[in-house]
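Listed here are the chains, written in short residue letters.
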Amino acid sequence: MLEIKLGEMEVQGKSWRDLRFSCAKFQVTGSAGRCEKGVLRVSPAPPLPVAFLFSSADKTLDVQLQATTDAASGGWRLSARWGRAGWEGRLTAANGQLAQLQGLLPIAGGEILPSSTKGNINGKITLRGNADGVAEISANVAVNELAFSDASGLHAGENIGVEVNINAKRGYGPTRRLWEWQTGVNWLQGEVFWQPLYFVGRDYRFNASGDLYETILRLAKGNLFLKDIGEMDFSGVVDTSVTSLRDFDLRADNLELGGVFSQVLKPFLVNTPFAELKAEGRAGIQWQFRQGAHQSLNVNLHETSFEDGHGRFAFRGVNARVPWRAQGLTQTGISIRSSQLGKLPIGEFEVPLQIDGPNFSIARMVVPVLDGKLTLEDFNASPQTEGGLNGWQWQLSGGLSPISMEKLTEALATQSMKGTLSGTIPRVSYNGSAVEVDGALLFKVFDGTVKLGNLKVLDPLGPAPSFMADLDMRNLDLNQLTGTFSFGSMQGRIDATVNGLELFDWKPVKFDASIRSSAGNYPRRISQAAVQNISSLGGSGAAAAIQRSFLHFFDQFGYLEIGWSCSLRHGICHMGGIESEPLPHGYLIVKGGGIPAITVIGYNRNVDWDELVSRLQRITQARDIKPVFQ
């Protein structure tokens, strides 16, 4: 009978507790010791059947750990021999169950690492050495149905099948501190989650060779093949004393961009504006890292596409050559065959991007938009370095040449409009969290001018952007405007202002708006349909004071002035009319003039905003309105 007890054993910060070995049938004969029915217990693992044979004369040790007490069952076998020429140790697994070793794993930080493991292993691991220590390591192992997880749930695997081959040899004499090594890994099947990455093994292959001298690990040649992604060659140097990457070279000439995005990049884009980005096409990459710093990066794209899953943007037929250097100016070659922003289609264009270290610039770029052109100038982008903000900052200016409003509204699938849209874009900047415009955006539409000032957009690509601006419109042609929206015919010109406009998730939450007749001499006429529609905006209390005796003779009427205002607060539009014409009850929207004249008065000053929008939609979507007067 042999029994050995150890309360705790610790090696390099890792410990084993309550180790007990007992052998009910232990024999010593001359220089040999034999145990046929031994049991190894390590809390909290189940007991393991153990048998061993030791011979000091033959200088051999043979230990067997079996899956069951059945001597014919598979398990683990550790054999060793030694002598003057050196020593050899070999671990052989024949359907060895990894769950058996679960309780034998050391304890670190109060937890057994990993928290659960199962699977079976077949193969051999051999160590050879001499008086100077280990001189050679070889391993040829196949693991099947491997499953593991840790207590945090951030690392787990299931049904993994993998083949591993490792060979390493230490030099002799002057090179005895130099190890040369080769390794190969074939991942045949299974799933692995390693926060935030998730992979399904499908014939993934990894091969590498190099050497280790003291604390410097050199990867001379490496190759990685990932199905649905492609093949990559790499090399590098790691300083193991500080666990840092010193040098690295990566080259991959023909990667499947869709696989790169879906399997590698997408997990890192969760909770960002690009979480639903989809990519297709082929890509190449060359990366050089020296002395702990990035030196160069070359990216090539061939017939690629990038599309936002929410439909905000899409770029198709993208071909690019993007060289980046840590020092020095480089010029890219980027062409995009077609794209779209929201529903707006964009034609073919090139991006003359210059790169100077971390700074990017475009002197001038012309983008075709329908029958016009968008010109961007003086674009500069660089990493954010002030204000405690992370990310990037950029700025640009430009202009928009005339675009047909009819083509624009058709492309946007909205109410058809006539005329053209053009404008000037002053300096626009982004500081990492907000887009701001220095000055005002100027546009020409409906034969008038539109000035958009104090523009600011918070979290522009986030799930719920905030938009703030002041809008000033001058001398708009009412005939073009009302004809566009089926509002009824109106002749004249108006000025409109929207001060303190605030949108949240692109929905109005606050503004002070007003509409009034423009100064000057011009025809001022209004149709019966327009009268009825203006009256309906004031609610059921609105009325049209009309010279009724002439209604059945005239389709249009004269007016002197138009005025209307809305102050939006907490979902309620507080309405008013012509400020210079106060009324004891209600507010004046249209002041009549000429023959026949018409006056429109509104009485309902507070209207629910959503209800007001619904009324406008019903009015502008209606066709061939025939007003009825009683």
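Cut-offs used in this document
- Residues numbered from 1 in each chain as written.
- Predicted model: local features only at pLDDT ≥ 70, side-chain atom pairs only at ≥ 80, totals over all residues.
- Heavy atoms only, no water.
- Helix = DSSP H or I, 4+ residues; strand = E, 2+ residues; numbered from the N terminus.
- Buried < 20%, exposed > 50% of the residue type's maximum accessible area, 1.4 Å probe, protein only.
- Contact = heavy atoms within 4.5 Å.
- Areas by Shrake-Rupley, 256 points an atom, 1.4 Å probe, with all protein chains shown as cover.
- Core = buried A, V, L, I, M, F, W, Y, C linked by side-chain atoms within 4.5 Å.
- Disulfide = S-S within 2.5 Å.
- Salt bridge = Lys/Arg side-chain N within 4 Å of Asp/Glu carboxyl O.
- Patch = residues over 30% accessible without salt bridge, like charges linked within 9 Å, V, L, I, M, F, W, Y side chains within 5 Å.
- Polar contact = N/O pair within 3.5 Å; in protein donor to acceptor, adjacent residues only side chain to side chain.
- pLDDT = per-residue confidence, 0-100.
- Pairing = 2+ DSSP bridges.
- Phe/Tyr/Trp six-rings, centres within 6.5 Å; stacked < 30°, edge-to-face > 60°.

Caption draft 1: Here's a closer look at the overall build of the chain. A tally of helices and strands in the chain yields six helices and 45 strands. By the burial criterion, 39% of the 630 residues in the chain qualify as buried. For the chain, restricting intrachain contacts to residue pairs at least 6 apart in sequence, the fraction spanning at least 24 positions comes to 45%. Element-wise, carbon and sulfur atoms account for 55% of the exposed surface of the chain, whose accessible area totals about 34,600 Å².

Caption draft 2: Here's a closer look at the nonpolar core. If you look at the biggest cluster of nonpolar residues, it comprises 76 residues, and the most contacted ones within it are Phe-306, Val-351, Leu-455, Phe-511, Ile-526 and Val-590. Every residue in contact with Ile-526, bar those within four places of it in the chain, is listed here: Ser-489, Met-490, Val-531, Ile-534, Asp-555, Gln-556, Phe-557, Tyr-559 and Ile-598. Counting 36 residues, the second largest nonpolar core, distinct from the first, contains Val-63, Leu-146, Ala-252 and Val-260.

Caption draft 3: Looking closely at the state of the cysteines. Enumeration according to the criterion identifies two disulfides in this entry. Between Cys-23 and Cys-35 runs a disulfide, and the two sulfur atoms are separated by 2.0 Å. Looking down the S-S bond of the Cys-23 and Cys-35 bridge, the torsion is 115 degrees, so its handedness is right-handed. Taken as a pair, Cys-23 in strand β2 (residues 14-23) and Cys-35 in strand β4 (residues 32-42) lie far apart in primary sequence, twelve residues in all. With respect to burial, Cys-23 and Cys-35 carry one shared label: buried.

Caption draft 4: Structural context of the pattern of salt bridges. Counted according to the given criterion, the structure contains 24 salt bridges. A salt bridge links Asp-228 to Arg-202; the shortest N-O distance between them is 3.2 Å. Note that Asp-228 is positioned in the loop between β17 (216-226) and β18 (230-239) and Arg-202 in the loop between β15 (197-200) and β16 (204-213), a separation of 26 residues in sequence. Looking at Asp-228, the relative accessible area reads 40%, which means it is partly exposed. A salt bridge links Glu-303 to Arg-337, with the shortest nitrogen-to-oxygen separation between them at 2.8 Å.

Caption draft 5: Local environment of a nonpolar patch on the surface. A surface patch of nonpolar side chains, amounting to about 240 Å² of accessible area, comprises Ile-4, Leu-6 and Met-9. As for its position among the elements, Ile-4 is in strand β1 (residues 2-11). Classification of Ile-4 as partly exposed rests on a relative accessible area of 43%.

Caption draft 6: Layout of the side chain of Thr-330. Positionally, Thr-330 belongs in strand β23 (residues 329-331). On the basis of relative accessibility, which here comes to 12%, the residue Thr-330 falls in the buried class. A polar atom in the side chain of Thr-330 sits 2.6 Å from the backbone oxygen of Pro-323. Once you skip the residues sitting within four places of it in the chain, Thr-330 turns out to touch Pro-323, Trp-324, Arg-325, Leu-353, Gln-354 and Ile-355.

Caption draft 7: Spatial organisation of helix α2 (residues 257-265). By the burial criterion, the buried members of α2 are Leu-257, Gly-259, Val-260, Phe-261 and Gln-263. On its buried face, α2 is in contact with β15, β16, β19 (244-256), β20 (277-290) and β21 (293-308).

Caption draft 8: Structural context of the confidence of the model for the chain. Summing up the model confidence of the chain, the mean pLDDT is 86 and the portion of residues at 70 or higher is 89%. Scored below 50 in pLDDT, residues 539-549 makes 24 contacts in the model with residues more than four places away or belonging to other chains. Of the regions scoring below 50 in pLDDT, residues 623-630 engages in 14 contacts with residues more than four places distant in sequence or in other chains.

Caption draft 9: Geometry of the side chain of Asp-247. As for its position among the elements, Asp-247 is in strand β19. Reaching out from Asp-247, the side chain makes a polar contact with the backbone nitrogen of Gln-291 at a distance of 2.9 Å. When sequence neighbours within four positions are dropped, the list of residues in contact with Asp-247 reads Ser-235, Gly-236, Val-237, Phe-289, Arg-290 and Gln-291.

Caption draft 10: Highlighting the pairing of β18. The element β18 is extensively covered by neighbouring structure, given that seven of its ten residues are classed as buried. When β17 meets β18, the two strands line up antiparallel, connected through nine bridges. Of the residues in β18, the one forming a bridge with Leu-226 is Gly-230. As judged from the seven bridges shared by β18 and β19, these two strands associate in the antiparallel manner. Of the residues in β19, the one forming a bridge with Ser-235 is Asp-249.

Caption draft 11: Layout of the packing of aromatic side chains. The full count for this structure, using the stated rule, is 16 aromatic pairs. Plain terms: the ring middles of Phe-206 and Phe-234 are 6.0 Å apart, the flat faces sit at 15 degrees to each other, and that makes the pair stacked. You can see Phe-206 sitting in strand β16 and its partner Phe-234 sitting in strand β18, a full 28 residues away along the chain. For Phe-206, a relative accessible area of 27% puts it in the partly exposed group. Between Phe-274 and Phe-313 the ring centres are 6.3 Å apart and the planes differ by 70 degrees, which places this aromatic pair in the edge-to-face class. Of the two residues, Phe-274 sits in the loop between α2 and β20 while Phe-313 sits in strand β22 (residues 313-325), which places them 39 residues apart along the sequence.

Caption draft 12: Layout of the pairing of strand β33 (residues 440-445). Sheet topology places strand β31 (residues 420-430) next to β33; three bridges connect them, and they run antiparallel. In the sheet register, Gly-423 faces β33, and the bridge partner there is Phe-443. As defined by bridge partners, β33 adjoins strand β34 (residues 448-458) across six bridges and the pair is classed as antiparallel. Bridge pairing in β34 places Ala-440 opposite Gly-453. The turn joining β33 and β34, which pair antiparallel and follow one another in sequence, is formed by two residues; a positive phi near 55 degrees is taken by Phe-446.

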